[in-house]
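For reference, the chains in residue letters:
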Amino acid sequence: MTGNWTAAVMAFVALFMVGGIVSFLKQGLKKGALLLGVFAAMATTAAVLWW
């Protein structure tokens, strides 16, 4: 990546949330998974724009 730590942190946060989505779906919590999906998409967008 670049020397920009913010983009790396946002990418890590997005990947962490993807793990949460998988966990929520296994538990049957579809609304929580949807909410995390929205936040993960926002974190991914932030990482790409900061990069």
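What you are looking at is a predicted structure, and each value in this text was computed from that prediction instead of being measured.

Draft legend 1. Quick look at the packing of helix α1 (residues 5–27) against helix α2 (residues 30–50). Taken N-terminus to C-terminus, the directions of α1 and α2 make an angle of 160°; their axes are 8 Å apart at the nearest point. The orientation of α1 with respect to α2, classified from their angle, is roughly antiparallel. Every pair of crossing elements has a handedness; the one defined by α1 and α2 is left-handed. The residues of α2 that touch α1, namely those facing Thr6, Ala7, Met10, Ala11, Val13, Ala14, Met17, Val18, Gly20, Ile21, Phe24 and Leu25, are Gly32, Ala33, Leu36, Gly37, Phe39, Ala40, Ala43, Thr44, Ala46, Ala47 and Trp50. Of the residues in the contact of α1 with α2, the class split is 18 nonpolar, five polar and no charged.

Draft legend 2. Region of interest: the UniProt feature "transmembrane region" (unreviewed entry) in the chain. The feature "transmembrane region" (unreviewed entry), as annotated in UniProt, sits at residues 6–25 and 32–50 in this numbering. Structurally, residues 6–25 comprises 100% helix and 0% strand, and the distance from its first C-alpha atom to its last is 29 Å. Secondary structure across residues 32–50 divides into 100% helix and 0% strand, with the first and last C-alpha atoms of the span separated by 27 Å.

Draft legend 3. Spotlight on a nonpolar patch on the surface. Among the surface-exposed residues, Leu34, Leu35, Val38, Phe39 and Met42 lie close enough to one another that they form a single nonpolar patch of about 490 Å² accessible area. Along the chain, Met42 falls in helix α2.

Draft legend 4. Spotlight on the nonpolar core. If you look at the biggest cluster of nonpolar residues, it comprises seven residues: Ala14, Met17, Ile21, Ala33, Leu36, Ala40 and Ala43. Looking at this core, the elements with two or more residues in it are α1 and α2. In terms of residue count, the dominant contributor to this core is α2 (four residues). Not counting the four nearest positions on each side in its chain, Ala14 is found in contact with Ala40, Ala43 and Thr44.

About the criteria used
Residues numbered from 1 in each chain as written. Predicted model: local features only at pLDDT ≥ 70, side-chain atom pairs only at ≥ 80, totals over all residues. Heavy atoms only, no water. Axes fitted to C-alpha atoms, helices over the stretch in contact; angles between N-to-C directions. Helix = DSSP H or I, 4+ residues; strand = E, 2+ residues; numbered from the N terminus. Parallel < 35°, antiparallel > 145°, perpendicular 65-115°, else oblique. Left-handed = near helix turned anticlockwise from the far one by under 90°. Contact = heavy atoms within 4.5 Å. Nonpolar A, V, L, I, M, F, W, Y, C, P; charged D, E, K, R; others polar. UniProt positions renumbered as here; feature names shortened; annotations may be inferred. Patch = residues over 30% accessible without salt bridge, like charges linked within 9 Å, V, L, I, M, F, W, Y side chains within 5 Å. Areas by Shrake-Rupley, 256 points an atom, 1.4 Å probe, with all protein chains shown as cover. Salt bridge = Lys/Arg side-chain N within 4 Å of Asp/Glu carboxyl O. Core = buried A, V, L, I, M, F, W, Y, C linked by side-chain atoms within 4.5 Å. Buried < 20%, exposed > 50% of the residue type's maximum accessible area, 1.4 Å probe, protein only.

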